[in-house]
Amino acid sequence: MIKIYTDGSCLENPGKGGWAAIISNNGNIKKISGSEKNTTNNRMELIATINALKGINSDEEIRIYTDSQYVKLGITEWIN
């Protein structure tokens, strides 16, 4: 199973923001991150998750850990 831990934040909304993700693929750890000058908190939360998923070329089960209700509801309820 691939585990992805994500987070994003913003100093002001909108404002300077950043995102990060840790991807654990059967014990192999990869860390990714980035920042933007004029963004929102929700956008940074989404960008962290999207960029983490972009780097995966696998049919394995993926579990995403996030503290963002926006991301969670987006991929579990609103997507349909």
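Everything discussed here concerns the structure shown above.
To start, this report covers the structure provided alongside it.

The rules we used
Numbering of residues begins from 1 in every chain and follows the order in which that chain's sequence is written. pLDDT decides what is reported in this predicted model: residues at 70 or higher carry local features, side-chain atom pairs at 80 or more are listed and counted, and totals for whole chains, interfaces and linings draw on all residues regardless. With hydrogens and water set aside, each side-chain value is computed from the structure's full complement of heavy atoms. Put simply, DSSP H or I for four residues or longer makes a helix, DSSP E for two residues or longer makes a strand, and each gets a number counted from the N terminus. For the radius of gyration, the atoms used are the C-alpha atoms, and the globule rule reads 2.2 Å times the number of residues raised to 0.38. Throughout, exposure labels follow a simple rule: accessible area from a 1.4 Å probe, protein chains only, divided by the maximum for the residue type, with under 20% read as buried, over 50% as exposed, and the rest as partly exposed. Here the open area of atoms and residues is found with the Shrake-Rupley method and a 1.4 Å probe, where only the protein chains shown may cover a residue. Note that His is not counted, nor are the chain ends; the positive residues are Lys and Arg, and the negative ones are Asp and Glu. We put the charge of a Lys on NZ, of an Arg on CZ, of an Asp on CG and of a Glu on CD. Any two residues whose heavy atoms approach within 4.5 Å at even a single point are treated as in contact. Between 30 and 60 degrees the pair is tilted, below 30 it is stacked and above 60 it is edge-to-face, where a pair is any two Phe, Tyr or Trp rings, Trp via its six-membered ring, whose centres lie within 6.5 Å. Only buried Ala, Val, Leu, Ile, Met, Phe, Trp, Tyr and Cys residues count toward a nonpolar core, and they belong to the same one when joined by side-chain atoms within 4.5 Å.

A few words now on the overall build of the chain. Along its length, the chain carries 2 helices and 4 strands. For the chain, the N- to C-terminal ordering of α and β elements is β-β-β-α-β-α. Taking 2.2 N^0.38 as the reference for a compact globule, 80 residues should give roughly 12 Å; the C-alpha atoms of the chain span a radius of gyration of 13 Å, in line with that estimate. Its C-alpha atoms give the chain principal-axis dimensions of roughly 35 × 30 × 20 Å. Evaluated residue by residue, the chain yields a buried proportion of 28% over its 80 residues. By element, 48% of the accessible surface of the chain is carried by carbon and sulfur atoms, the whole surface being about 5500 Å². Here the chain holds 9 positive side-chain charges and 9 negative ones, and the gap between their average locations is 6 Å.

Moving on: the side chain of threonine 39. Topologically, threonine 39 is positioned in strand 3 (residues 28-39). For threonine 39, the contacting residues outside a window of four places in its chain are Cys10, Glu12, Asn13, Pro14, Gly15, Gly17 and Met44.

With that settled, the discussion passes to the packing of aromatic side chains. Applying the stated criterion across every chain, the model contains 2 aromatic pairs. Summarising the aromatic geometry, the rings of tyrosine 5 and tyrosine 65 are spaced 4.6 Å apart at their centres and angled 10° between planes, so their arrangement reads as stacked. Remark: tyrosine 65 occurs in strand 4 (residues 62-65) and tyrosine 5 occurs in strand 1 (residues 2-10); sequence separation between them is 60 residues.

Bringing the nonpolar core into the picture now. Residues Ile2, Ile4, Trp19, Ala21, Ile23, Ile32, Met44, Ile47, Ala48, Ala52 and Ile56 constitute the largest nonpolar core, which totals 11 residues. Breaking this core down by element, the ones donating at least two residues are strand 1, strand 2 (15-25) and helix 1 (41-54). Among the elements that line this core, the one with the most residues is helix 1, at 4 residues. Sequence-distant contacts of methionine 44, that is, excluding residues within four places in its chain, are made with Asp7, Gly8, Ser9, Gly17, Gly18, Trp19, Glu36 and Thr39.

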